[in-house]
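# Descriptive structure summary
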Amino acid sequence: MSSVKSLVLKDLFSYKVTPVYYFFVAAIFCISAFIFFNLFGSFNAQVVEYLNLPVRDSRYAPNLNYSVVSSYFNALLFVILLFTPFITMKSFAGEKNSGMLSMLLLSKLSNFQIVLAKFISVLIFLLLILFLSSILPFSLIFFSDIEIGPVVTGFVGVLIASMSFSGIGILCSACSKNEFFAAITSLFALFFFYIIHAPAENMDGALGSVLKAVSPLWQVKDFLRGVVGFAPLVFFISLFLLTFSLTFVFFQKRNCDV
Amino acid sequence: MISVNGISKKYSKDSGIFDLSFEIESNSLALLLGPNGAGKSTCLKVLSTLSKPDSGAASMNGLDLLNNKNKLQEIIGYVPELIPHYSEFTIYEILSFLGDIRGIEKKELDLRIKKILQEFDLLKFQHKLCSDLSKGMLQTVGICQAILHKPKVLLLDEPGSGLDATQLQNFIRILNKLKKTTSILISTHYASSFAFLADRVLFMKGGRIVDTLSGADCRKSISSLDNLYGLSEVANI
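Below: a short report on this structure. (Residues numbered from 1 in each chain as written. Chains lettered and ligands numbered in written order. Predicted model: local features only at pLDDT ≥ 70, side-chain atom pairs only at ≥ 80, totals over all residues.)

Now for unusual backbone geometry. All names here are of chain B. In this structure, N27 is a non-glycine residue whose phi angle is positive, near 50 degrees. Among the secondary structure elements, N27 is positioned in the loop between β2 (15-24) and β3 (29-33). One non-glycine residue with positive phi stands out, namely E158, at about 50 degrees. The partly exposed category is assigned to E158, around which 19 C-beta atoms lie within 10 Å. (Helix = DSSP H or I, 4+ residues; strand = E, 2+ residues; numbered from the N terminus. Buried ≥ 20, exposed ≤ 12 C-beta atoms within 10 Å, placed from the backbone.)

All names here are of chain B. The buried count for β3 comes to 5 of 5 residues, which makes it a mostly enclosed element. Here β3 shows two buried faces, one formed by L29, L31 and L33 and the other by A30 and L32. As paired strands, β3 and strand β8 (residues 183-188) are joined by 5 bridges and run parallel to one another. By the bridge assignment, L33 is partnered in β8 with T188. Where β3 meets strand β9 (residues 200-205), 4 bridges bridge the pair, whose relative direction is parallel. Looking at β9, one finds that L32 is bridged to L202. (Pairing = 2+ DSSP bridges.)

Further remarks concern helix α6 (residues 165-178) of chain B. In this model α6(B) runs 20 Å from its N-terminal to its C-terminal C-alpha over 14 residues, within 8% of the 20 Å that 1.5 Å per residue would give. Buried residues along α6(B) sit in contact with β3, α5 (135-147) and β8 of chain B. (Expected span 1.5 Å × (residues − 1). Contact = placed C-beta atoms within 7 Å.)

Residues and elements named next belong to chain B. Judged by pairing direction, the sheet is antiparallel, and its 4 strands sit side by side in the order β2-β1-β4-β5 without closing on themselves. One side of each edge strand has no neighbouring strand; the edge strands of this open sheet are β2 and β5 (63-64). In terms of strand pairing, strand β4 (residues 55-60) meets β5 through 2 bridges, oriented antiparallel. Of the residues in β5, the one forming a bridge with S59 is D64. With respect to the sheet, helix α1 (residues 40-47) is in contact with β1 (2-12), β2 and β4, its orientation differing from that of β2 by roughly 65 degrees. (Axes fitted to C-alpha atoms, helices over the stretch in contact; angles between N-to-C directions.)

In this section: the environment of F73(A). Residues and elements named next belong to chain A. By secondary structure assignment, the location of F73 is in helix α3 (residues 64-88). For F73, a count of 26 C-beta atoms within 10 Å gives the class buried. When the C-alpha positions of F73 and I160 are compared, they lie 12 Å apart, and in sequence the two are 87 residues distant. Apart from residues no more than four positions distant in its own chain, F73 is found in contact with G154, G157, V158 and L224.

Purely spatial values, then, with no claim about function.
This is the structure we're talking about:
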């Protein structure tokens, strides 16, 4: 396992020394902070509006969890979706491009270990980004009487959805020799999964159910509302395992001739 | 000992290697000579286990190419034509990483890296980024990584390209030393650089071995010819 650790550390080191990844982290943090403060600003406006009402009905009182936290994690998911392809693009395509894939294949690492190390390093990097981006909603716990449950489940929801997004990104990287092509392919694939949500919402019947079942945005809804559902959990874990297996199979098949 | 029996690897009808058979004694150096597209790189790639042959068999130090892939990878050192590297890594970092994934213990690895870099006169550049290295220096780093795990079989694809006279001289000196414990197969266009080290020379053309010479015979031919193309013409006569 020490070879896996070396490969993970190497990938993380590459993130550390490549300026473009600092840009990604900073961009995600800035965009998410912008979204957060916008949502918070509009929540404040709603509160002022509500307080100015001559008759107040508590059922319609602005809800910090719904107005800010849930909407924030929803938007964060989209931001992560946009950036994931650029984080995962180097995983395999970068190794092929630099010729280092042949060195990895001649090392003590098995194909499974190479794929595992690639997933671990991307997940660690994503986790770092998510932690940074979640500081703002979590800080509300200390400054307001917000419900903690939806904040935690929202974070978990975005985390597992990001895991499956990264799986798709890594799979695209394993299928391509060109980093840029890998990023564009996975961006299209992820965007496709994302927009499936729109027709799914307005569609009934079998097709509607199928679209809902494969829509990450639909599946993550419960998490953002503070409910940890068994079905969404199974969906995201299955999607992650499926992309992992496909990456492994594809890598195994392809690396016969690097 | 490297033993190759009827290895074929086809990319298209007339590209690849076809029914290659040859033997290279233990602790000896053989040259694979031939023009571009002769199949030298494909041959080395197949022997390095990176490319699966379509047919045929091969063994190195008694280990079968198809059935002992993992064990073979431990005893093979391979330098591809284009030196693999991470541009954001320094020479020391890349060698340390490659040693790590080869399973060399950290303390031992540090010692080996220092020793190899010293031998190749790269110690003072160990903290230089790979992206800032000249072609010759990068080539030298490629050779360093290939011998880091003390391989028993060394496969070198155009190792002389990009090396200046001093680097080449140094490399030949190290090859001469390695030859005592390692079987070495070098693919090259230019026989002159390595001919006086060679125990055997194999001429390739169109994916096939068209002739073989002993090292001594090759050296005699070299004295009357200036370059490899002259040599390969001799082989075709």
